[in-house]
Amino acid sequence: MGISRLGHRSQNPDGMPRHWETSQSVAADLHRRMHAALDRTRATLADARRCGVPTDHFDLLCGELAGAAQILDDQLVAASRLPLRIRHRTLLDLRYRIVDLERTGDRIGRTALDAAAPVTSGFEEALHRINERLDRHLEARRELRELGS
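Residues numbered from 1 in each chain as written. Predicted model: local features only at pLDDT ≥ 70, side-chain atom pairs only at ≥ 80, totals over all residues. Heavy atoms only, no water.

A. Quick peek at the overall build of the chain. Helix and strand content of the chain: four helices and zero strands. Taken over 149 residues, the chain has a buried fraction of 24%. Across the chain, contacts joining residues at least 24 apart in sequence account for 58% of those joining residues at least 6 apart. For the chain, the accessible area works out to roughly 10700 Å², and carbon and sulfur atoms hold 56% of it. (Helix = DSSP H or I, 4+ residues; strand = E, 2+ residues; numbered from the N terminus. Buried < 20%, exposed > 50% of the residue type's maximum accessible area, 1.4 Å probe, protein only. Contact = heavy atoms within 4.5 Å. Areas by Shrake-Rupley, 256 points an atom, 1.4 Å probe, with all protein chains shown as cover.)

B. Highlighting a nonpolar patch on the surface. Judged by side-chain polarity, Phe123, Leu127, Ile130 and Leu134 come together as a nonpolar surface patch covering roughly 360 Å² of accessible area. Classification of Phe123 by relative accessible area gives partly exposed; the value is 47%. (Patch = residues over 30% accessible without salt bridge, like charges linked within 9 Å, V, L, I, M, F, W, Y side chains within 5 Å. Salt bridge = Lys/Arg side-chain N within 4 Å of Asp/Glu carboxyl O.)

C. Broad picture of the nonpolar core. Ranked by size, the top nonpolar core spans 20 residues in total, and within it Met34, Leu76 and Leu91 carry the most contacts. For this core, the secondary structure elements donating two or more residues are α1 (26-50), α2 (56-80) and α3 (84-114). (Core = buried A, V, L, I, M, F, W, Y, C linked by side-chain atoms within 4.5 Å.)

Here it is in structure tokens:
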């Protein structure tokens, strides 16, 4: 853990540079973006829990996603120290990985919330039966019209 001249820690407890909290660098922006995605996934899982969905399995998936984010964080820190030309290319590749992480987090959250939705298995069948009867009724009226002409 680095110590600055003023005695303050220069890194967060998670090992990220403290100045990344407000830095406009690409690496810091990607770090914040990735952790915002993790926060959204956790919030969605909390919503699903409030709806009565057991989220243990989804919480484990979210934990694995956080582990993947830590790997990307380590790579972001390393990339931020590279020479400019290599840094740009490396950060671009990491950006694509972070997009994948965001999609996976959204998918975890959506799947958990979908489990809260009521299953309406009989609804489609009931509508199909009603529409079939209406079709038969219309067919019978056509036949009557044809017989009457």
